[in-house]
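Observations on the three-dimensional arrangement
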Amino acid sequence: MSITAESQVHDKIAEQEHTAQPVPLWLTAFTILFPTAFAMLATSATNVAIPHIAGSFGSTLDEANWVITSYMIANAILIPLTGWLENMMGRVNFLKVFITIFTIGSIICAFAPSLNFLVLGRIVQGIGGGPMMPISQAILIAAFPFEKRGQAMALFALAVMVFSILGPSFGGFIVDNSAWQWIYLINIPVGIFSVILVHCNIEEVVQRKKPEKVDFVGLVALVIWLFSMQVVLDKGQQYDWFDTTWVCWLTGISVFSFIFFVVWELECKNAIVNFRVFKDKNFFIGTILGSSVNMIIYVTIVLLPQFLQSLMGYTAMLSGFSLAPRVISCVAMLAIIGKMVEKIDNRILIAIGFIFLATSTFMYANLNLSISFSYVVIPNVIMGVGVILVFIPVSALCLGTLPKTELSNGAGLHSLCKCVTTAFVISMSSTLVARLSQLHQTYLVKNLSNYNIIFQHKMSLMTHKFMALYPSITASHKAGGVFYKQLLTQSKLMAYVDVFELFALIAILLVPWAFFLNVNFKDQK
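Model, not experiment: these values are computed from the prediction. (Residues numbered from 1 in each chain as written. Predicted model: local features only at pLDDT ≥ 70, side-chain atom pairs only at ≥ 80, totals over all residues. Heavy atoms only, no water.)

Turning to the overall build of the protein, a few remarks are in order. Along its length, the protein carries 21 helices and zero strands. The C-alpha atoms of the protein give a radius of gyration of 26 Å, which matches the 24 Å a tight globule of 525 residues would have. When the backbone C-alpha atoms are referred to their principal axes, the protein occupies close to 110 × 50 × 45 Å. Split into buried and exposed, the 525 residues of the protein put 51% on the buried side. The long-range fraction of contacts in the protein, counting pairs at least 24 apart against all pairs at least 6 apart in sequence, stands at 81%. As presented, the protein carries roughly 24000 Å² of accessible surface, and 68% of it is formed by carbon and sulfur atoms. Of the charged side chains in the protein, 30 are positive and 25 negative, and the gap between their average positions amounts to 7 Å. (Helix = DSSP H or I, 4+ residues; strand = E, 2+ residues; numbered from the N terminus. Rg over C-alpha atoms; globule rule 2.2 N^0.38 Å. Buried < 20%, exposed > 50% of the residue type's maximum accessible area, 1.4 Å probe, protein only. Contact = heavy atoms within 4.5 Å. Areas by Shrake-Rupley, 256 points an atom, 1.4 Å probe, with all protein chains shown as cover. Lys, Arg positive; Asp, Glu negative; His and termini not counted. Charge placed at Lys NZ, Arg CZ, Asp CG, Glu CD.)

What follows covers empty space enclosed by the protein. A probe matching the size of a water molecule, rolled over the atoms, marks out where space remains unfilled. For the structure shown, the criterion picks out one cavity of 30 Å³ or more. Put simply, the largest cavity is a space of about 70 Å³. Sorting the residues of the lining of the largest cavity by element identifies α2 (25-57), α6 (91-110) and α11 (187-201) as the ones contributing at least two each. The class makeup of the residues in the lining of the largest cavity is seven nonpolar, three polar and no charged. (1 Å grid on protein atoms, 1.4 Å probe; cavity = no way out; pocket = protein on both sides within 12 Å on 5 of 7 lines; lining within 4 Å. Points joined across faces, edges and corners; volume = space filled by probe spheres on them. Nonpolar A, V, L, I, M, F, W, Y, C, P; charged D, E, K, R; others polar.)

Turning our eyes to something else, we now look at helix α14 (residues 281-310). Counted at 1.5 Å a residue, the expected span for α14 with its 30 residues is 44 Å, and the 43 Å between its end C-alpha atoms agrees. For α14, a buried count of 24 out of 30 residues is recorded, marking the element as mostly surrounded by other parts of the structure. (Expected span 1.5 Å × (residues − 1).)

Taken by themselves, the reported measurements are silent on function.
Here's what the structure looks like:
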């Protein structure tokens, strides 16, 4: 080919590229949020299916909990690697590979012949699903113009928050009406369709800094830190925390690995995570606020169904549906939050949002054993409003001041902090319920005394009722068993109330932090 002909070909290609129509924003948003939403749905839906999974494989609940733990470990390890992997592989290939990995994990989970294979499938799922949340947030921030970032984060919240809240309802419906395997089967066609969407609609990042070397030392430190931390959080309560030697050793290993990882990444030239983005004030404060709102949300998502199932006798589906009203208020707020972010000081929105969160969580502190299903609706609706008022402005302000070259890295770190905080608080909340329940027992048991006239009278009445069917000694024992069971129930109820009050107080204390954020900045180029 002659130089002139070759030049004409290049000019023609350049002209075609110049005249090529960009992908519409709505199609970009749908393409990236579609797989993210279903990844979040499968994650939270698994929580309510654990008793059914344990029964299916003939395992204990503690053994079946590894189905959740294994996913969280793999998820947490991959989240901070999002920016590094995207730079190394390219955005389109990155998305195709990890959506495919998540789909393969779903296939393994759906057809797992044993609990060990199911745990393996969840690890594969966690590897594929881990980067989806930070990469989708980074793509939306980069794709939408500055004035429309509120709308971008509203769409992101729709995929992440709404589908996470829908998960228990979806999972409860599945396990009560069909087989738990359908929680994972539904992700197979979703994954295939998502790969096609990414191939057609996501544009490659032309200017990216490709890493020269693989930071194996940092990666190993990250894996050791997160694995040891998650095992301690998951098994600590079962083995009485630091009264067990191996828990102490794993805790020390986790702390040492974390410190080593941070120091190494700060000094390494080819670091997989750039911790220096925490120098940005908005990113630092926004990460604290984002992790805190995640903490409050997931405490209620975990503890409220536990309360309804263990103390109120609700089924998995009904306890999941108890969270559904939160979705309605979330969706309603998403329809108007974009305009609110544009016209109202975002710091005021965040402060009001935390007030809503505190109010709803404090309303949970008024739970008792006589409440109706409708009583749970109002706090959930209020919490849905608060979630969106906090989540959308925080997401936009947290990453809005970062350079576009650091968006993926910042989104990965932001998501990692949320993931670690959520895992820590879920474990601590369960421990608090168990320990506070024991504490309340020590105070309530003094009422079950033969020196208490009221107790003697109640005990006598209950014994006489049982004497219609049993001998007097047996009737007395059964009456004592009834009152002891009531003691345990009331102690656990008071423990749930204490935990909800604690997190309501935390939400109130976070209100002033919103005003430390900077809202007067221009779009980063």
